[in-house]
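So the chains spell out like this:
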Amino acid sequence: TLGDDNPVVKVLKASCSQGIVSPFFVYLKQTLLSAFSFKDVPKSWIIRLTFSPNQLIIIHEKKQQGVEIKPGETEEVVTFTFRWFLKIVFEIGKDKNDKSD
């Protein structure tokens, strides 16, 4: 079994949670998308893990929808949808001082 001190467990705990996505998403919402009102699409968050001998790739994917309440109405109307991605690549077995890429 892998314990909490295992490097793989540490990487997965740090990168497969909302904590790694939050700074990116807050920036996105406060800058590029500040003029739009939007919210999460329920159950649309996907985390993909890809392992290879040289890399661990983690991709977070989330769908959002723009909403507005029209004057005189009480229910939200979906005005647009979009999907964002955050890709994290961990090099495996590569010297951290190697700048060959």
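No experiment lies behind these values; they were computed from the predicted model shown.

A. Up close: the overall build of the protein chain. Assigned secondary structure in the protein chain consists of two helices and four strands. Of the regular secondary structure in the protein chain, the N- to C-terminal order runs α-α-β-β-β-β. A compact globule built from 101 residues should have a C-alpha radius of gyration of about 13 Å, whereas the protein chain, at 18 Å, is more than 25% larger. Expressed along its principal axes, the backbone C-alpha trace of the protein chain runs to roughly 60 × 35 × 20 Å. Counting over 101 residues, the protein chain shows a buried share of 23%. A separation of at least 24 residues holds for 53% of the contacts in the protein chain among residues at least 6 apart in sequence. Of the roughly 7600 Å² that the protein chain leaves accessible, carbon and sulfur atoms contribute 56%. Taken as two groups, the 14 positive and 12 negative side-chain charges of the protein chain have centres that lie 1 Å from each other.

B. Expanded view of the packing of aromatic side chains. Taken as a whole and judged by the stated rule, the model has three aromatic pairs. Geometrically, the ring pair formed by Phe38 and Phe82 is edge-to-face, given 5.3 Å between the ring centres and 75 degrees between the ring planes. Remark: Phe82 occurs in strand β4 (residues 77–91) and Phe38 occurs in strand β1 (residues 38–40); sequence separation between them is 44 residues. The two residues Phe38 and Phe82 agree in class, both being buried. Ring geometry for Phe80 against Phe82: centres 6.1 Å apart, planes inclined by 20 degrees, an arrangement best described as stacked. Members of the aromatic cluster, each reached through a chain of ring pairs, are Phe36, Phe38, Phe80 and Phe82.

C. Quick look at unusual backbone geometry. The backbone of Lys43 sits at a positive phi, close to 60 degrees, despite the residue not being glycine. With respect to the element layout, Lys43 can be found in the loop between β1 and β2 (46–51). Residue Lys43 is classed as exposed on the basis of its relative accessible area of 88%.

D. A look at the side chain of Gln65. Considering the arrangement of structural elements, one finds Gln65 in strand β3 (residues 55–68). The buried category is assigned to Gln65, whose relative accessible area is 16%. When near neighbours in sequence (up to four residues on either side) are disregarded, Gln65 contacts Ser37, Phe38, Lys39, Asp40, Val41, Val78, Phe80 and Thr81.

E. Layout of the nonpolar core. Of all hydrophobic cores here, the largest spans eleven residues; its members are Val21, Phe25, Leu28, Leu33, Phe38, Leu56, Ile58, Phe82, Trp84, Leu86 and Ile88. Listed by contribution, the elements that provide at least two residues to this core are α2 (18–30), β3 and β4. By residue number, the principal contributor to this core is β4, which donates four residues. Discounting residues that sit within four places of it in the chain, Leu86 has contacts with Ile20, Val21, Ile58, Ile59 and His60.

F. Broad picture of α2. Spanning 13 residues, α2 covers 17 Å between terminal C-alpha atoms, matching the ideal 18 Å at 1.5 Å per step. Where α2 bends most, at Phe24, the angle is about 25 degrees. For α2, the set of buried residues is Val21, Phe25 and Leu28.

Parameters at a glance
- Residues numbered from 1 in each chain as written.
- Predicted model: local features only at pLDDT ≥ 70, side-chain atom pairs only at ≥ 80, totals over all residues.
- Heavy atoms only, no water.
- Helix = DSSP H or I, 4+ residues; strand = E, 2+ residues; numbered from the N terminus.
- Rg over C-alpha atoms; globule rule 2.2 N^0.38 Å.
- Buried < 20%, exposed > 50% of the residue type's maximum accessible area, 1.4 Å probe, protein only.
- Contact = heavy atoms within 4.5 Å.
- Areas by Shrake-Rupley, 256 points an atom, 1.4 Å probe, with all protein chains shown as cover.
- Lys, Arg positive; Asp, Glu negative; His and termini not counted.
- Charge placed at Lys NZ, Arg CZ, Asp CG, Glu CD.
- Phe/Tyr/Trp six-rings, centres within 6.5 Å; stacked < 30°, edge-to-face > 60°.
- Core = buried A, V, L, I, M, F, W, Y, C linked by side-chain atoms within 4.5 Å.
- Expected span 1.5 Å × (residues − 1).
- Bend = angle between axes of the 7 residues up to and from the residue.

Bear in mind that shape data such as this cannot, by itself, settle questions of function.
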